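Architecture at a glance
Spelled out, the chains give:
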Amino acid sequence: MLRKAEISNKEKADIQTLMKFVGIYCRENHDGEKVSFSFKLIDLKEFTKREILLCPDCHRLLTYGLTMRMKCPHDPKPMCKKCKTQCYHGEYKAKIREVMKFSGMYLVKHGRVDMLYHYLV
Ligand SMILES: [Zn+2]
């Protein structure tokens, strides 16, 4: 378990963005059974007041994304697409791109352009 002090504001913002984007994507695209997201490395209550309900696929994707964000060796973290250490591979890379694109558009359509500030990939 990481202590609170080890998470910077930037990391916190990135983590919140990831959770929000994957949450929107799943809500708008996937039906079926959803489970409340949990992640062992951080205390999610510090990041979001709401429960994040995700299908098993998005659960895996968000777990992967958060793990990679926590493990990012760069400080400050560059934009992922400009980074030399590409931590998203294959299936995850394609998926996270799709998620960012979809949820980015969704937020624009709903007037939440402020959220785009933290575009990750
Ligand atoms: Zn989903």
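Quick summary incoming for the structure in this document. (Residues numbered from 1 in each chain as written. Predicted model: local features only at pLDDT ≥ 70, side-chain atom pairs only at ≥ 80, totals over all residues. Heavy atoms only, no water.)

**Quick look at the coordination of the zinc ion**
Protein coordination of the zinc ion is provided by Cys26 (SG), His30 (ND1), Cys55 (SG) and Cys58 (SG), with donor distances spanning 1.9 to 2.3 Å. The coordination sphere of the zinc ion comprises 4 donor atoms, whose angles at the metal cover 101 to 121°; the geometry is tetrahedral. Read in sequence order, the donor residues for the zinc ion give the motif C-x3-H-x24-C-x2-C. Of this pair, Cys26 sits in helix 1 (residues 9-29) while Cys58 sits in helix 2 (residues 56-71); the two residues are 32 residues apart in sequence, bridging distant segments of the chain. Exposure class is identical for Cys26 and Cys58. Each is buried. (Donors = N, O, S within 2.8 Å, 3.2 Å for Na, K, Ca; no water. Tetrahedral: all angles 85-135°; square planar, octahedral: opposite > 155°, others 65-115°. Helix = DSSP H or I, 4+ residues; strand = E, 2+ residues; numbered from the N terminus. Buried < 20%, exposed > 50% of the residue type's maximum accessible area, 1.4 Å probe, protein only.)

**Structural notes on the environment of Arg50**
Residue placement: Arg50 occurs in the loop between strand 1 (35-36) and strand 2 (53-54). Spatially, the C-alpha atoms of Arg50 and Ser36 are 10.0 Å apart, while their sequence positions differ by 14 residues.

**A few points about the nonpolar core**
Of all hydrophobic cores here, the largest spans 30 residues; its most connected members are Met19, Phe37, Ile42, Leu54, Leu62 and Leu66. Listed by contribution, the elements that provide at least two residues to this core are helix 1, helix 2 and helix 3 (90-109). By residue number, the principal contributor to this core is helix 1, which donates 8 residues. Ignoring anything within four residues of it in the chain, the contact list for Phe37 reads Leu44, Ile52, Leu54, His59, Leu62, Thr63 and Leu66. (Core = buried A, V, L, I, M, F, W, Y, C linked by side-chain atoms within 4.5 Å. Contact = heavy atoms within 4.5 Å.)

**Some thoughts on the side chain of Ser103**
Here Ser103 shows up in helix 3. Judged by relative accessible area, which is 0%, Ser103 ranks as buried. Not counting chain neighbours up to four residues away, the residues in contact with Ser103 comprise Phe21, Ile24 and Tyr25.

**Points about the packing of helix 2 against helix 3**
Their axes nearest at 11 Å, the elements helix 2 and helix 3 cross at an angle of 100°. Our classification of the angle between helix 2 and helix 3 gives roughly perpendicular. Residue-level contacts link Arg60, Leu61 and Tyr64 of helix 2 to Tyr92, Lys95, Ile96 and Val99 of helix 3. (Axes fitted to C-alpha atoms, helices over the stretch in contact; angles between N-to-C directions. Parallel < 35°, antiparallel > 145°, perpendicular 65-115°, else oblique.)

**Focus: the packing of aromatic side chains**
A full pass over the atoms with the stated rule returns 5 aromatic pairs. Ring plane angle 5° and centroid distance 3.9 Å describe the contact between Tyr64 and Tyr92, whose orientation is recorded as stacked. A residue pair is termed long-range when its members are at least 10 positions apart, and Tyr64 in helix 2 and Tyr92 in helix 3 qualify at 28 residues. According to the relative accessible area criterion, Tyr64 is buried, its value standing at 15%. For Tyr92, a relative accessible area of 24% corresponds to the partly exposed category. An aromatic cluster is built from Tyr25, Phe102 and Tyr106, whose rings are joined through pairwise contacts. (Phe/Tyr/Trp six-rings, centres within 6.5 Å; stacked < 30°, edge-to-face > 60°.)

**Some points on the packing of helix 1 against helix 2**
At a minimum axis distance of 10 Å, the contact between helix 1 and helix 2 shows a crossing angle of 165°. One finds that helix 1 runs roughly antiparallel with respect to helix 2. Our pair here, helix 1 against helix 2, has a crossing hand that is right-handed. Here Lys10, Glu11, Asp14, Ile15, Leu18, Met19, Val22, Tyr25 and Cys26 of helix 1 lie close against helix 2, whose contacting residues are Cys58, Leu61, Leu62, Gly65, Leu66, Arg69 and Met70. Grouping the amino acids of the contact of helix 1 with helix 2 by side-chain chemistry returns 11 nonpolar, 1 polar and 4 charged. (Left-handed = near helix turned anticlockwise from the far one by under 90°. Nonpolar A, V, L, I, M, F, W, Y, C, P; charged D, E, K, R; others polar.)

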